[in-house]
Structure formats: structure tokens, C-alpha cells
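Structural overview
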Amino acid sequence: MKVHHENKVLIDYLRLNMEEGPWVAGGACIDWFNGNQVAVRDGDIDVWFSTPSQYESLRTRMLNDAFSIRYETENATTMIY
């Protein structure tokens, strides 16, 4: 599957790793499979982690790089840039 060029910068930023995570799941994968961009305003990219520390590491990096938390629950965090 090829990531749409409009989403490539964010995907590179996430440092995905097929063997160890993190991974992208959900509707974003379907959009890219169909050759579509994940809309910045209307869509989201679901990221799954192999360990809590992997999640915390990316969360910290994103907050340090001017992302902000839009919504947070016990099981999910939604961030915007």
C-alpha cells in the first residue's frame, strides 16, 4: 500500500515499524489503498502501539513538537497540529 503524498510527512514523522510498531490501522489504510488522502480536517490516522512506553515516547515527542491534545480518554488520545 502506498501512503498518499499529502500524508507522507506525518507518516514519516510517526516512525512506523512493521515488526515492532507503531502501526497505522483503521480507515486511513483503506483511504490509502484506494489512492486517497486522509483529510486533514475531516479524517484521522489511528496509531497502535506495541507497548505503553512506545506510546509515551511518541506522545512526548508530539507534544514537544507543537502538537496539542484535542481529546483524551483512558484508551485513546486525539492530537492536532
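Quick look at the structure, then. (Residues numbered from 1 in each chain as written. Predicted model: local features only at pLDDT ≥ 70, side-chain atom pairs only at ≥ 80, totals over all residues. Heavy atoms only, no water.)

**Here we look at the pairing of strand S4 (residues 77-80)**
Inspection of the sheet shows strand S3 (residues 68-72) paired to S4 by four bridges, in the antiparallel sense. Bridging across to S4, Ser68 finds its partner in Ile80. (Pairing = 2+ DSSP bridges. Helix = DSSP H or I, 4+ residues; strand = E, 2+ residues; numbered from the N terminus.)

**A look at the environment of Asn17**
By the element assignment, Asn17 lies in the loop between helix H1 (8-14) and strand S1 (23-25). With a relative accessible area of 27%, Asn17 lands in the partly exposed category. In sequence terms Asn17 and Pro52 are 35 residues apart; their C-alpha atoms lie 16 Å from each other. Apart from residues no more than four positions distant in its own chain, Asn17 is found in contact with Pro22 and Trp23. Polar side-chain contacts of Asn17 include one of 2.9 Å to the backbone nitrogen of Glu19. In terms of polar contacts, Asn17 uses its side chain to reach the backbone amide nitrogen of Glu20, at 2.9 Å. (Buried < 20%, exposed > 50% of the residue type's maximum accessible area, 1.4 Å probe, protein only. Contact = heavy atoms within 4.5 Å. Polar contact = N/O pair within 3.5 Å; in protein donor to acceptor, adjacent residues only side chain to side chain.)

**Digging into helix H3 (residues 52-64)**
Between its terminal C-alpha atoms H3 stretches 18 Å, which fits the 18 Å expected from 13 residues at 1.5 Å a residue. Looking at H3, one finds that the buried residues are Gln54, Leu58, Arg59, Arg61 and Met62. Buried residues of H3 fall within an arc of 165° about the axis and therefore sit on the same side. Summarising the geometry of H3, the exposed residues directed more than 90 degrees from the buried face are Pro52, Ser53 and Asn64. Here the buried face of H3 lies against H1, S3 and S4. Directly beyond the C-terminal end of H3, a positive phi value near 80° is found at Ala66. (Expected span 1.5 Å × (residues − 1). Arc of directions from axis to C-beta.)

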